[in-house]
Structures are given as structure tokens and as C-alpha cells.
Amino acid sequence: MRLFTTREGLCSYLTSHRLGKDVGLVPTMGALHPGHLSLIERARRENGIAIVSIFVNPLQFAPTEDLQRYPRQLEEDRRLCEEVGVDGIFAPGMEELYGISAVNTETGDRFTQVVPPAAMTSRLCGASRPGHFQGVATIVTKLFNLIQPERAYFGQKDAQQLAIIRRLVADLNLPVTIISCPIVRLESGLAWSSRNQYLTEAQKAQASILYRSLQEGAKVFQAGDCDRAVIIEAVRSKLAEVSDIEVEYIELVDPQSLKSIAKIEASGLLAIAARLGTTRLIDNMVLQKRRPIVAIDGPAGAGKSTVTRRVAQELGLMYLDTGAMYRAITWQVMSAGIKIDDEPAIAQLVSQSEISLTQSDEGLQVWINGEEVTQEIRSLEVTANVSAIAAIPAVRLALVKQQQRWGAKGGIVAEGRDIGTFVFPDAELKIFLTASVEERARRRFLEIKEREESDVTLAQLEEDIHQRDLRDSTRAIAPLRKAEDAIEINTDGMNISEVTQYIINLYRQNLEGRG
């Protein structure tokens, strides 16, 4: 692991090491704890190079805040990063990034800053911390420009920061994917934070009331009451049980726009800020009204497609046929006379395409830009070219965005290689369907033998499957990965009906009645 304190050293390292590798960035202010480490470990898994920045950014501190007191422990942070396999730490000084030795939210007008929309920065934490999110946006933009990561990882605990950074990336067309990671909590429910170091053991026990209060709000919501006032009152009543807690705000807002909402229609961010002694604490919970999403991932030959269709049919959910979507784009490329290696033309075409999937008595119907293409996408020409089209990054990105828009409504079952890790990381039920290489080869061998398609041997099939697993797990786009919270089902010795029923039982035990 390397430690860089200058831009030149970091950039030189990335130039010589990133060829053919994705870079994942975890921006931090140091004082690393298990919450940070969960982000770092995910960045390590999903990228060829993992970079952690450690910089206590003065621009996001007001003169009255704890800039000087904020915990700094670079040697301990360095040890933790090395333990989890970080490739490089970027720990610059203030002059290295800002060119001056002293700066804060009041003196930061000496150089260019990034100013997010006031509607997002003036509420919640921004109401009591003017200039804070401007400072956050500035340092994050500088880090993105310096490091140019493919992915950047942020914790859901700082939900307002997360929403603002996502807006920043969208508005400025920054070529980075923002990955949100779940809140990591102590056994008591208290969210991990660097500022927890300020708390005594007794205060840490008291501080867990924030999470318990959010849970009270969630109970009201899950019982069917979506009204803002009722949910907030439930939270406020629970918080009142700890008299030392000084509430700054309890809010219910839209998770993306951060606008206050009177009633949860699809989802709502229930957020708290409070003080315990001199320590400011925040916590939040997203309340989802949508029907559940079932994400089924796994290697080729594990029976994902057939199982997914049956699960969707049995549960009355929509089967999100991602394969049909890629076929539709391929058909459109063929129809437009575009060569399959003309990536710029294909990227432009897909950016103007809208795919719809509808269910009828005759089965799934596929539409692209208002034209039904259900039969056309099954042609031999489309079949021969769909893999090449699906491998184009712009196609992948555009279709994932469309899939995620459907996911906002919920009520879908989807299968693939990274549905639970990337497309729908917040899916309520994640399944990783697998089987041994020998079992998958045996199934394929029986299929081929029944159709009299080839005289391939079982040993050849086993080697082919082994090689495909290797390719799928190391490919740059949509690599095969098991989500940390996925339930693994080894289907050796199970038939399709048994696997389907197993997943249906999991759904009914855990999610029946939601939405």
C-alpha cells in the first residue's frame, strides 16, 4: 500500500497502475471506523484499485465548529487501510489542495467553489451549518477531478450529503458512479461515526435512542400510516425518553430532492439531528412504500432465467426481462443500419431509446420507442449480435438507468450477474443461485443429448463452464458478484420446481403483504 501527500505522486501512481483497471474512491476525513471500513471493503471488491482519501476539509467547518478538535489518527488509519487491502491513501495537507494554510466556510471565497442548489443545502443539516455542503461539494469535485474514479463510495448515514453529491454528478455530467452503502451500527443501534469518540460510554448508551426513535416512526409507517405529522410525532415521543437529548430537527423528506413531504407516496427519508452534551449526532432511515424487489444473481447454467420467470408468475410480480431489453436495442441498431462496432453511433441511439415491457395473456410484450418488437427481437440476426451490443458500456449504462426507474416502483423480479450488487442494491430479497460446475455441466449435457445438437463430452462442458465463470467474475462490465446480504442457494440435487418454491417461501416469510 502506498501513502501519497501530493497530487503529483498520486497522479503518477494512477497513470502507471490503472491501465485496464477500474478505480474506486472512498473519500473520508479519517478517524476510520467500521462504517468507513464497510465502504472500503466494497470498493476493494468492486475495483482493480482502491483509493482512500484522508483530509479534514476546513471548508465544511464553520468557525464555531470542531475543526481543530476533529479526531486525526493517520497512523492508525494507515494500519486499518493496509489490513483491508487498500492500494493507496491520499492524505494531502491544506496547502496542497487549497494553496493557503488557513481556510474555513467564511474565508473560502479566495478561490473557486462548487455551489449545489440552495433548495438542497438550506434544509436539514444545512439550516444550522451554512456553507457546509458547499465545502463538501468543492472537495469532492476536486477529488473526482484528481483521481477520476469509476466509482465513489458514500455512506447512507450522511443521506443529505449523498443526495447532494448525486445531484452534483448528474448536473455536471461527471463520469463517476456514486455507490451508496448501508449504515453500519453498534449492537445498541447507534450509527458508527467519528464523532462517537466524543461520547462517554453512558452517552453512547443514551445516543442509541436516535435509532430506536427512527424504528418507532417505521412501525407507524409499516402499520399503514404514511402521514408526515403522525410519523414525526412517533419519533419525537420516543426521543423524549432521554431528557439529555436536544433535538435539532426531525424531518421527513424526499430521498432524492430533499423536499419536505406531507405523505409518503413512494419513499421518504426520515432524518434526525440532535445534540448530546457537546456532540452533534445524525441518523436516518429510508421508508419504502413500493412493492418488494427480488434480485436473483448467479453463474451461467444455474437455472436463473427459468426460476425467475416462475417466481414472478407465482408471486404476481413483473418479470424484468433484461435480456429482452438488450435484444430490443440490438434490433434497433440493426434496423437503423448501424455497424455493431460503431460505438459512438450506438451510444447516441441508445440515449434516445425508451423500452417498455408489458404483460398480456400472450406473455411479455416488448416495445421500443412505442413500437412493439416482441417477435422481431427473437430473430437469428439479433441473437448473433446481442452479445456484442450488450458489451458496449454506453448500452449497459443506459439500460441500467431504465431498469432502476422501474425499480423505483418495485414489484419486480430480475436476474443477472450483478442485479443485487449494482442494479438493485436495495432489493428487499437477494438470491445468489448457484450449483457446482459438475452439476451445471451435467444439466447442459442432458439438454444437448436430448436435442441431439452435438457430440460434446461432459469433460469439455465442465471446462467451458469453468472458463465462463472465470470470465464472468473478472469482466470489466457487470462482473458476477454475490451481494453481501444475498441468500445463497446451491441447487445441486434440486429441480426447478423445488428451487422456485424455496424462493417463494422466503418471499412469503419475510415480505408478504408489503407495498
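A few points on the structure. A quick note: this is a predicted structure, and the numbers were derived from the prediction, not measured.

Conventions adopted
Residues numbered from 1 in each chain as written. Predicted model: local features only at pLDDT ≥ 70, side-chain atom pairs only at ≥ 80, totals over all residues. Heavy atoms only, no water. Helix = DSSP H or I, 4+ residues; strand = E, 2+ residues; numbered from the N terminus. Rg over C-alpha atoms; globule rule 2.2 N^0.38 Å. Contact = heavy atoms within 4.5 Å. Areas by Shrake-Rupley, 256 points an atom, 1.4 Å probe, with all protein chains shown as cover. Lys, Arg positive; Asp, Glu negative; His and termini not counted. Charge placed at Lys NZ, Arg CZ, Asp CG, Glu CD. Buried < 20%, exposed > 50% of the residue type's maximum accessible area, 1.4 Å probe, protein only. Pairing = 2+ DSSP bridges. Axes fitted to C-alpha atoms, helices over the stretch in contact; angles between N-to-C directions. Core = buried A, V, L, I, M, F, W, Y, C linked by side-chain atoms within 4.5 Å. Phe/Tyr/Trp six-rings, centres within 6.5 Å; stacked < 30°, edge-to-face > 60°. Expected span 1.5 Å × (residues − 1).

Notes on the overall build of the protein chain
- Along the protein chain, the regular secondary structure elements total 19 helices and 17 strands.
- Taken against the 2.2 N^0.38 rule, which gives 24 Å for 515 residues, the C-alpha radius of gyration of the protein chain at 25 Å falls within 12% of a compact globule.
- Projecting the C-alpha coordinates of the protein chain onto the three principal axes gives extents of approximately 75 × 55 × 45 Å.
- Taking the intrachain contacts of the protein chain between residues at least 6 apart in sequence as the baseline, contacts between residues at least 24 apart amount to 73%.
- Accessible surface for the protein chain amounts to roughly 24,300 Å². Of this, 48% is attributable to carbon and sulfur atoms.
- Within the protein chain, the 68 negative side-chain charges are centred at a point lying 3 Å from the centre of the 59 positive side-chain charges.

Considerations on the pairing of strand 10 (residues 291-297)
- With 6 of its 7 residues buried, strand 10 lies for the most part within the structure.
- Where strand 10 and strand 15 (residues 410-416) come together, 6 bridges link them in parallel fashion. Each residue of the ladder has a partner; that of aspartate 297, found in strand 15, is glycine 416.
- Where strand 10 meets strand 16 (residues 429-434), 4 bridges bridge the pair, whose relative direction is parallel. Looking at the pairing, valine 294 lines up with leucine 429 of strand 16.

Some words on the sheet that holds strand 13 (residues 363-368)
- A sheet is described by the order of its strands in space; here 3 strands give the open sequence 12-13-14, paired in antiparallel fashion. Here the strands that pair on one side only, and so sit at the sheet edges, are strand 12 (355-360) and strand 14 (371-372).
- Taken together, the 2 bridges between strand 13 and strand 14 define a ladder with antiparallel strand orientation. Looking at the pairing, isoleucine 368 lines up with glutamate 371 of strand 14.
- Set on the sheet, helix 12 (residues 322-335) makes contact with strand 12, strand 13 and strand 14; between it and strand 13 the angle comes to about 40 degrees.

A few points about the sheet that holds strand 9 (residues 279-288)
- Overall, antiparallel pairing links the 3 strands, which are arranged 7-8-9 in an open sheet. In this open sheet, the two strands that pair with only one neighbour each are strand 7 (245-253) and strand 9. Between one strand and the next, the sheet's axes are offset by a mean angle of 15 degrees, whatever the strand orientation.
- With 8 bridges connecting them, strand 7 and strand 8 (residues 267-276) associate as antiparallel partners. Among the inter-strand pairings, valine 253 is bridged to a residue of strand 8, identified as leucine 269.
- Helix 9 (residues 209-222) rests against strand 7, strand 8 and strand 9 of the sheet, and its axis sits at about 20 degrees to strand 9.

Quick word on the environment of aspartate 492
- With respect to the helices, strands and loops of the structure, aspartate 492 is situated in the loop between strand 17 (487-490) and helix 19 (496-510).
- Residue classification places aspartate 492 among the partly exposed residues on the basis of a relative accessible area of 33%.
- Residues aspartate 492 and valine 437 lie 55 residues apart in sequence; the distance between their C-alpha atoms is 9.8 Å.
- Apart from the residues within four sequence positions on either side, aspartate 492 is in contact with Ala435, Ser436, Glu439 and Arg443.

Observations regarding the nonpolar core
- Of all hydrophobic cores here, the largest spans 43 residues; its most connected members are Ile51, Phe144 and Ile178.
- Per-element tally for this core: the top contributor is helix 6 (residues 132-147), with 8 residues.
- Here isoleucine 178 is in contact with Phe144, Ala152, Phe154, Leu162, Ile165, Arg166 and Val169, once residues within four sequence places are set aside.
- Residues Trp331, Ile368, Ile377 and Ile419 belong to the second largest nonpolar core, which totals 37 residues.

Notes on the environment of isoleucine 346
- When you line up the elements, isoleucine 346 lands in helix 13 (residues 343-351).
- Remark: the alpha-carbon pair of isoleucine 346 and glutamate 95, spanning 251 residues in sequence, is separated by 45 Å.
- If near-sequence neighbours (up to four positions away) are discounted, isoleucine 346 is found in contact with Val333, Ile338, Lys339, Ile340, Ile389, Ile392 and Val395.

Let's talk about the packing of aromatic side chains
- Across all of its chains, the model carries 3 aromatic pairs by this definition.
- Note on phenylalanine 55 and tyrosine 98: the rings are 6.0 Å apart at their centroids and 50 degrees apart in plane angle, and the pair reads as tilted. Of this pair, phenylalanine 55 sits in the loop between strand 3 (49-54) and helix 3 (74-83) while tyrosine 98 sits in helix 4 (residues 94-98); the two residues are 43 residues apart in sequence, bridging distant segments of the chain.
- An angle of 75 degrees between the planes, with centres 5.9 Å apart, marks the rings of phenylalanine 61 and tyrosine 70 as edge-to-face.
- Among the residues examined, phenylalanine 61 registers a relative accessible area of 0% and is labelled buried.

Topic: helix 7 (residues 159-171)
- Its 13 residues place the ends of helix 7 18 Å apart at the C-alpha level, agreeing with the 18 Å of an ideal helix rising 1.5 Å per residue.
- Taken residue by residue, helix 7 has Ala159, Gln160, Gln161, Leu162, Ala163, Ile164, Ile165, Leu168 and Val169 as its buried positions.
- Buried residues along helix 7 sit against helix 5 (118-121), helix 6, strand 5 (151-155), strand 6 (177-181), strand 8 and strand 9.
- Residue asparagine 173 follows helix 7 closely and has a positive phi angle near 55 degrees.

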